[in-house]
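Residue-level structural notes
Chain residues, written in single-letter form:
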Amino acid sequence: MSLYSAGVEYGIHCLLFLVGEGGESRDSSVRDLAELQGVPQEYLAKVFTKLARAGLVAATEGVRGGFRLARPAAEINVLDIVNAIDGPKKIFDCREIRERCTLFEGSPPAWATEGTCAIHAVMLGAQKRMEEALAQQTVLALAMRFGRKAPAEFGQQVDAWMAERRESKGAGDIAVDQL
């Protein structure tokens with residue numbers, strides 16, 4: 001079982017597609033992003049509601065509206081996205097088992113329960129390092145890494161596909177695309 005939901009994965013991927021040439025934000029609708037990536041539109045709409053609430057994306061106006069990055073891609077990190085979608089999560093819940101040793105007969109001595117549980121301390125350190133690692137990875141850095149991996153024509157194909165979708169969008173798309 002994973003710590004983070006599929007929504008986190010969908011959200012990160014979508015934000016990468018909102019990073020255009022040179023790191024500039026591009027607009028796209030939830031419908032288009034869902035179709036482009038083959039993910040459920042209804043679920044993605046809920047993800048974008050959370051991203052908007054957290055100030056990571058902003059709605060764009062008009063018939064061709066949708067979403068864009070609310071801040072520069074270099075200022076949005078993976079931890080921001082994780083916390084926006086799933087909220088802060090602990091990787092470990094200490095249940096103070098150290099107090100339950102049968103040899104203590106229901107009355108643990110002070111030495112056994114003094115200070116932070118050593119196991120809990122290890123897990124807190126791991127959580128801190130994980131969150132620091134996620135905070136160091138920006139959407140721009142991920143988009144650049146993806147851009148180096150993909151052939152140049154893929155970026156052009158994405159731009160053309162999104163432009164075609166924006167041009168063909170009708171008034172009926174507004175309600176779904178602007179949450």
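What counts as what
Residues numbered from 1 in each chain as written. Predicted model: local features only at pLDDT ≥ 70, side-chain atom pairs only at ≥ 80, totals over all residues. Heavy atoms only, no water. 1 Å grid on protein atoms, 1.4 Å probe; cavity = no way out; pocket = protein on both sides within 12 Å on 5 of 7 lines; lining within 4 Å. Points joined across faces, edges and corners; volume = space filled by probe spheres on them. Helix = DSSP H or I, 4+ residues; strand = E, 2+ residues; numbered from the N terminus. Nonpolar A, V, L, I, M, F, W, Y, C, P; charged D, E, K, R; others polar. Phe/Tyr/Trp six-rings, centres within 6.5 Å; stacked < 30°, edge-to-face > 60°. Buried < 20%, exposed > 50% of the residue type's maximum accessible area, 1.4 Å probe, protein only. Core = buried A, V, L, I, M, F, W, Y, C linked by side-chain atoms within 4.5 Å. Contact = heavy atoms within 4.5 Å. Salt bridge = Lys/Arg side-chain N within 4 Å of Asp/Glu carboxyl O. pLDDT = per-residue confidence, 0-100. Patch = residues over 30% accessible without salt bridge, like charges linked within 9 Å, V, L, I, M, F, W, Y side chains within 5 Å. Areas by Shrake-Rupley, 256 points an atom, 1.4 Å probe, with all protein chains shown as cover.

Looking at an unreviewed UniProt entry, one finds the protein named Transcriptional regulator, with Pseudomonas putida as its source organism.

1. Digging into the layout of surface pockets
To find leftover empty space, one rolls a probe the size of a water molecule over the atoms. Roughly 610 Å³ of internal volume is contained in the largest pocket. Lining the largest pocket are 27 residues, with Leu16, Ala143, Met144, Phe146 and Gly147 sitting closest to its centre. Residue assignment for the lining of the largest pocket shows that the elements contributing at least two residues are helix 1 (6-17), helix 7 (139-149) and helix 8 (152-168). Tallying contributions element by element places helix 7 first for the lining of the largest pocket, with 9 residues. Taken together, the residues of the lining of the largest pocket sort by class into 14 nonpolar, 6 polar and 7 charged.

2. What about unusual backbone geometry?
Here the phi dihedral of Glu96 falls at roughly 50°; this positive angle occurs in a residue that is not glycine. Along the polypeptide, Glu96 turns up in the loop between helix 4 (78-86) and helix 5 (110-113). Of note, Glu105 is a non-glycine position whose phi angle comes to about 50°, a positive value. Its location among the elements puts Glu105 in the loop between helix 4 and helix 5.

3. A look at the packing of aromatic side chains
Overall, the coordinates contain 5 aromatic pairs when judged by the stated rule. Plain terms: the ring middles of Phe104 and Trp111 are 5.8 Å apart, the flat faces sit at 85° to each other, and that makes the pair edge-to-face. What makes Phe104 buried here is its relative accessible area of 15%. Linked through ring pairs, Phe17, Phe146 and Phe154 together constitute an aromatic cluster.

4. Details of the nonpolar core
Soluble, globular proteins show a tendency: their nonpolar side chains are buried together. The biggest cluster of nonpolar side chains holds 36 residues, and the ones touching the most others in it are Leu15, Leu33, Leu44, Phe48, Leu51, Ile81 and Val139. Sequence-distant contacts of Ile81, defined by excluding residues within four places in its chain, comprise Gly11, Ile12, Leu15, Leu51, Leu56, Ile76 and Val139.

5. Quick word on the pattern of salt bridges
Throughout the structure, instances matching the rule amount to 7 salt bridges. Between Asp32 and Arg165 there is a salt bridge whose closest N-O contact spans 2.8 Å. Highlighted residues: Asp32 in helix 2 (residues 30-37) and Arg165 in helix 8, separated in sequence by 133 residues. Arg165 is paired through a salt bridge with Glu35; the nearest N and O atoms lie 3.0 Å apart. Separated by 130 residues along the polypeptide, Arg165 in helix 8 and Glu35 in helix 2 bring together distant segments of the chain. Here the residues in one salt-bridge network are Asp32, Glu35 and Arg165, joined through shared partners.

6. Quick notes on the confidence of the model for the protein
Mean pLDDT for the protein: 90, with 93% of residues reaching 70 or above. Summarising per-element confidence for the protein, the mean pLDDT is lowest in helix 9 (residues 174-177) (42) and highest in helix 4 (98).

7. Overview of a nonpolar patch on the surface
Taken together, Ile119, Val122 and Met123 make up a surface patch of nonpolar side chains, about 270 Å² in accessible area. Relative to the helices and strands, Ile119 resides in helix 6 (residues 118-136).

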